[in-house]
Amino acid sequence: MDKAKSEQRAGEFATRYRAWLLAQANHLCRNATDAEDLVQDTLLRFIQNFGQVEALPNERSCEAWLVTTLTHLFYDQCRRRRVQAQGAKDPHLSNEAVVETDEPGSRPVYDSLTDEQFSEALQALSPKMRATFELHAAGKKYQDIARSLGIPVGTVSKRLHDARARLREFLLQHIQSGVN
């Protein structure tokens, strides 16, 4: 099969999942512009990686690849912003640092969190909530989580809602107290 048809097939698949991926990105970023950028980068990488293969892997594998790549790009974005902010604070690096010119207060709150704080917040969840949250963060759908944990889909939804609320509360305490 020629390269143009392979790229077209990969592009068509990526286009079908764009809205779903955008919802995932909006959930991560809480910023429409950043979410759109993440989705564009993810789709571009998908087409670059799978546009040269004769046949796409099964749909589940492609979905998992998309959400995993989106998540990794999000983490990279967070790390890049953290490094930029640290560089701006260091007088030796301030001339070399590239600082975004966002309006004050428009930056997402997660920018000031460390990996340790996020890990601590996850550990503060109950084991059931943490297991449910981690499966969802790994890209599993509600039905798959319910099946693997042997619980109803409604329970998965409730646990994820509660886990997000507790994580948000825990992490906001760190941000508001100025502990970094």
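To be clear, the structure that these remarks concern was listed above.
This section reports on the structure supplied with the text. (Residues numbered from 1 in each chain as written. Predicted model: local features only at pLDDT ≥ 70, side-chain atom pairs only at ≥ 80, totals over all residues. Heavy atoms only, no water.)

Enumeration over the complete set of coordinates arrives at seven salt bridges. When the shortest N-O distance is used, the salt bridge between R18 and E36 registers 2.1 Å. A residue pair is termed long-range when its members are at least 10 positions apart, and R18 in helix α2 (residues 18–29) and E36 in helix α3 (residues 32–50) qualify at 18 residues. R18 gets classed as partly exposed once you look at its relative accessible area, which sits at 25%. Between D144 and R60 there is a salt bridge whose closest N-O contact spans 2.8 Å. Taken as a pair, D144 in helix α7 (residues 142–149) and R60 in helix α4 (residues 59–89) lie far apart in primary sequence, 84 residues in all. For D144, a relative accessible area of 16% corresponds to the buried category. Within this structure, R60, D144 and R147 form a network of salt bridges that share partners. (Salt bridge = Lys/Arg side-chain N within 4 Å of Asp/Glu carboxyl O. Helix = DSSP H or I, 4+ residues; strand = E, 2+ residues; numbered from the N terminus. Buried < 20%, exposed > 50% of the residue type's maximum accessible area, 1.4 Å probe, protein only.)

Scanning the entire structure with this criterion turns up five aromatic pairs. Both rings, one in F13 and one in F46, keep their centres 5.5 Å apart while their planes meet at 25°; by these two values the pair is stacked. Of this pair, F13 sits in helix α1 (residues 3–16) while F46 sits in helix α3, and the two are 33 residues apart along the sequence. With a centroid separation of 6.0 Å and 50° between ring planes, the pair formed by F74 and Y75 is classed as tilted. Among the residues examined, F74 registers a relative accessible area of 8% and is labelled buried. (Phe/Tyr/Trp six-rings, centres within 6.5 Å; stacked < 30°, edge-to-face > 60°.)

Geometric values such as these leave the question of function open.
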